[in-house]
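# Overview (structure and organization)
Below, each chain spelled out in residue letters.
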Amino acid sequence: MVYIQGRTLLMNQATDKADALLTAWYPGEQGGKAIASLLFGDANPSGRLPVSIPRSVGQLPVYYSQGKLRDYMDAEAAPLYPFGYGLSYTTFDYSGLSIERLASADSSATAQTESAGVLMASDNGLRMSASQPLAKVRLTVKNTGKRDGAEVVQLYVHDRAASVAQPPIQLRAFQKVWLKAGESRQVEFTLGFDELSIIDADMKRVLERGDFDIMVGASSSDIRQSGVLSL
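Here's what I pulled together on the structure shown here.

Before going further, it helps to spend a moment on the overall build of the protein. Summing up its helical and strand segments, the protein has four helices and 12 strands in all. C-alpha extents for the protein along the principal axes are approximately 60 × 45 × 35 Å. A separation of at least 24 residues holds for 69% of the contacts in the protein among residues at least 6 apart in sequence. Per element, the accessible surface of the protein, about 13000 Å² overall, is 52% carbon and sulfur. Taking the average place of the 23 positive charges on the side chains of the protein and the average place of its 25 negative ones, the gap between the two points comes to 5 Å.

Below is the structure:
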């Protein structure tokens, strides 16, 4: 089943009857060639959903950052297809997660921010793209199938004890990695102020000390490796 769409649609019946669904959105004038190359196996799909696909209208809103919810009396709470989901003609294995806290994490705090349990703060409340790295996250991804293909490795973060309640899972980084059949490669993420900061009660963007759950996987509901970063 091929969907040409500009928004999420109910796909329950198609999911039950079709072997696979291809969401093409609005693919443009070359969309026909792209769709044909995927259907005939000339190309290997590697797209991932930027939204969650609901099971019913009554389930809305359905956000991946809500985490795992209790089921309804008459339906599942989980979306039909979660944020970040997507299939491939090959398979991938994740292993060997390591989280390295860098020395710069110890030198980032000032006397003023340290007294408030804050490691770093943005003067204008915005992100700091030039901030120094605080941690490195590394893992190995292997193509375990018989086809060459690309995997979108997704990194999610949860601040365990923030001064303001945080979602149980938030996408903070991702990388698309092309691997030949049987090939392995180390994937590395650098975490800094932008990836770990929050908006506090005073509406300031700050990075607070504490423990952070680091989760890496193939989608928001398919976490393959996890660990804890302490700052």
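Having seen it, we continue.
Quick look at unusual backbone geometry now. With an omega dihedral of -5 degrees, the bond running from Leu 60 to Pro 61 counts as a cis peptide bond. In this fold, Pro 61 is placed in the loop between helix H2 (31-39) and strand S3 (92-101). Even without a glycine there, the phi angle at Met 203 is positive, about 65 degrees.

Take the packing of aromatic side chains next. One pass over the full model with this rule turns up three aromatic pairs. With a centroid separation of 5.9 Å and an interplanar angle of 65 degrees, the aromatic rings of Tyr 64 and Tyr 156 are classed as edge-to-face. Remark: Tyr 156 occurs in strand S6 (residues 149-159) and Tyr 64 occurs in the loop between H2 and S3; sequence separation between them is 92 residues. Residue class for Tyr 64 comes out partly exposed when judged on its relative accessible area of 22%. Taken together, Tyr 64, Phe 83 and Tyr 156 form an aromatic cluster joined through their ring pairs.

Rules of the game
Residues numbered from 1 in each chain as written. Predicted model: local features only at pLDDT ≥ 70, side-chain atom pairs only at ≥ 80, totals over all residues. Heavy atoms only, no water. Helix = DSSP H or I, 4+ residues; strand = E, 2+ residues; numbered from the N terminus. Contact = heavy atoms within 4.5 Å. Areas by Shrake-Rupley, 256 points an atom, 1.4 Å probe, with all protein chains shown as cover. Lys, Arg positive; Asp, Glu negative; His and termini not counted. Charge placed at Lys NZ, Arg CZ, Asp CG, Glu CD. Phe/Tyr/Trp six-rings, centres within 6.5 Å; stacked < 30°, edge-to-face > 60°. Buried < 20%, exposed > 50% of the residue type's maximum accessible area, 1.4 Å probe, protein only.

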